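So the chains spell out like this:
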Amino acid sequence: MDNFQISVVVPVYNEEKNIQVFFEKIIKVIKKYQYELIFVSDGSTDKSEEIIKKICLKNKNVKLISFTRNFGHQMALFAGYEFSKGDGIISIDADLQDPPELIDKMIGLWQKGAKIVYAKREKRKGESFFKIITAKLFYKLINFLSDTSIPSEVGDFRLLDKSVVFYLKNLKEKPEFLRGLVSWPGFKTEFVYFKRDKRYSGKTHYTLEKMINLAFNGITSFSTKPLRLSTYFGFMVSTTAVLIVFFKSVQHFIFNQGDWLPGWASLFFSTVFLGGVQLIMIGVLGEYIAKIYREIQKRPNYLIKEKINL
Ligand code: UDP
Ligand code: MG
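Here the residue numbering is sequential within each chain, running from 1 through the sequence in written order. Lettering of chains starts at A and numbering of ligands starts at 1, both following the order in which they are written. For this predicted model, a pLDDT threshold of at least 70 governs which residues receive local features, and a threshold of 80 or more governs which side-chain atom pairs are given and counted, while totals over whole chains, interfaces and linings are taken from all residues. Think of the side-chain values as coming from all heavy atoms in the structure, minus any hydrogens and water.

Next up on the list: the environment of Gly-80. By the element assignment, Gly-80 lies in helix α3 (residues 73–83). Remark: the alpha-carbon pair of Gly-80 and Ser-91, spanning eleven residues in sequence, is separated by 8.5 Å. Sequence-distant contacts of Gly-80, that is, excluding residues within four places in its chain, are made with Val-9, Ile-38 and Val-40. The secondary structure listing takes helices from DSSP runs of H or I that are at least 4 residues long and strands from runs of E that are at least 2 residues long, numbered from the N terminus. In this description, contact between two residues means that some pair of their heavy atoms is separated by no more than 4.5 Å.

Encoded structure:
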């Protein structure tokens, strides 16, 4: 085999029923390479860590990083990147939604020169209509807002060359939206395609709240257009208001026509509508301030409770 090492990073949050099966499947694929398999337990409270530790005892190439609490999927991935030593780094979920068999193909494309190989979902099984639609809309929106083009139907199942991981590790900003950060520099990119299966066991840990968080972090990390849009919208609304008052005045004073007093509905509508718009705009501003706030606090991205074989 060629002389390279691969690192496989697996974020784990309460996956006790999946880990053993996942391990047996992935090891079949990666044992032909020089490999390290890094599980990052993102504050799991079930038996996940215990199960991983047992595997670590028997196999020194299997490693565990466990966090003090749940810091989120993006941080778990990032920790895996920070500790990885391989020439190619693959991130994959522990719930068998991402087929390990694809790894050979990804490595092939990487060896031919790609720096990023994404696994793109052709079909999704066992995911709600709501999730599929919101994900589609989110990628449409973020690609409209941002100058960085972020591929859709691509999750966090990908292979990164070590040069990409080196760039990520040296970022000064918080890695809140890795999918965007990975696309941003424009490294040579390839795709492999797969049908995304149902979870092997358990339910998704991406609650609606976590999805909304990821979406807002993604947008505020990659675009300031929402701020600009508020300004445009403000101008539009003010101009409309001036025009309406102007035409109404002309109608009333010059032509002595039109209803000057009745108009409750339009007044009510414009007040409430504008009130809502103002609140939304303050919220948009707030999102950016929150992002600045998180950045200047300079808190660590995650805290490690324990490391094994590392
Ligand atoms: N995960 C994590 N921290 C979290 C949520 C999820 O490390 O806070 C892990 C989870 O164990 C899995 C991967 O991230 O290996 C993807 O999560 P999940 O399957 O719940 O998301 P989905 O596939 O439904 O988008
Ligand atoms: Mg999953």
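Moving on, there is more to tell.
Turning to helix α10 (residues 264–297), a few remarks are in order. Between the first and last C-alpha of α10 there are 48 Å, a value that for 34 residues agrees with the 50 Å anticipated at 1.5 Å per step. Where α10 is concerned, the buried positions are Val-277, Val-284, Tyr-288 and Lys-291. Where α10 is buried, its residues touch α8 (208–222) and α9 (225–254). Phi turns positive one or two residues past the end of α10, at Lys-298, with a value near 55 degrees. Working rule for helices: expected span equals 1.5 Å times residues minus one. The classification of residues rests on relative accessible area computed with a 1.4 Å probe and restricted to protein chains. Under 20% of the type maximum is buried, over 50% is exposed, and intermediate values are partly exposed.

Further remarks concern the sheet that holds strand β5 (residues 116–124). Here a strand pair is declared whenever DSSP counts at least two bridges between the two strands. Spatially, the eight strands line up as an open sheet ordered β7-β5-β6-β4-β1-β2-β3-β8, and their pairing is mixed. With one partner strand each, in any of the chains shown, β7 (189–196) and β8 (304–308) form the two edges of the open sheet. Neighbour-to-neighbour, the strand axes of this sheet turn through a mean angle of 20 degrees, independent of strand direction. Across eight bridges, strand β1 (residues 5–12) lies against strand β2 (residues 34–41) in parallel orientation. Bridging from a neighbouring strand, Gln-5 pairs with Gln-34 of β2. Helix axes are fitted to C-alpha atoms over the stretch in contact, other axes to C-alpha atoms as well, and angles between N-to-C directions run from 0 to 180 degrees. Here helix α6 (residues 162–169) sits on the sheet and contacts β4 (88–91), β5 and β6 (154–161); the angle it forms with β6, its principal contact strand, is near 110 degrees.

Quick look at the site of ligand 1 now. Throughout, the term near means that a residue has one or more heavy atoms lying within 4 Å of the molecule or strand in question. Within the structure, ligand 1 sits among 19 residues, and Glu-15, Asp-42, Asp-95, Gln-97 and His-205 are positioned closest to it. Pairs of N or O atoms within 3.5 Å make up the polar contacts considered here, provided that, within protein, one atom can donate a hydrogen while the other can accept it, and that residues adjacent in sequence are counted only when both atoms are side-chain atoms. Residue Glu-15 places a side-chain N or O atom 2.5 Å away from an oxygen atom belonging to ligand 1. A distance of 3.0 Å is found between an oxygen atom of ligand 1 and a side-chain nitrogen or oxygen belonging to Lys-131. Surface burial for ligand 1 is 95%, taken as the share of its 520 Å² of free accessible area covered by protein chains. Here the term charged refers only to Asp, Glu, Lys and Arg, the term nonpolar to Ala, Val, Leu, Ile, Met, Phe, Trp, Tyr, Cys and Pro, and the term polar to all other amino acids, Gly among them. Per-class residue counts for the shell around ligand 1 are five nonpolar, six polar and eight charged. All accessible areas in this document rest on Shrake-Rupley with a 1.4 Å probe, and a residue is counted as covered only by the protein chains that are shown.

Take the packing of aromatic side chains next. Whether two aromatic rings pair depends on their centres lying within 6.5 Å, for rings of Phe, Tyr and Trp, where Trp uses its six-membered ring; planes under 30 degrees apart make the pair stacked, over 60 edge-to-face, and the rest tilted. Taken as a whole, this structure holds 14 aromatic pairs when the rule is applied. Judged by centre distance (5.6 Å) and plane angle (90 degrees), the ring pair of Phe-67 and Phe-71 falls under edge-to-face. For Phe-71, a relative accessible area of 18% corresponds to the buried category. Three or more aromatic residues link up through ring pairs in this structure, and these residues are Phe-138, Tyr-139, Phe-177 and Phe-222. Geometrically, a charge over a ring is one whose NZ (Lys) or CZ (Arg) sits within 6 Å of the ring centre while staying within 35 degrees of the ring normal. Over the ring of Phe-71 we find Arg-69; its NZ or CZ atom is 3.9 Å from the centre of that ring. A cation over an aromatic ring shows up here: Lys-120 above the ring of Phe-191, its NZ or CZ 5.2 Å from the ring centre.

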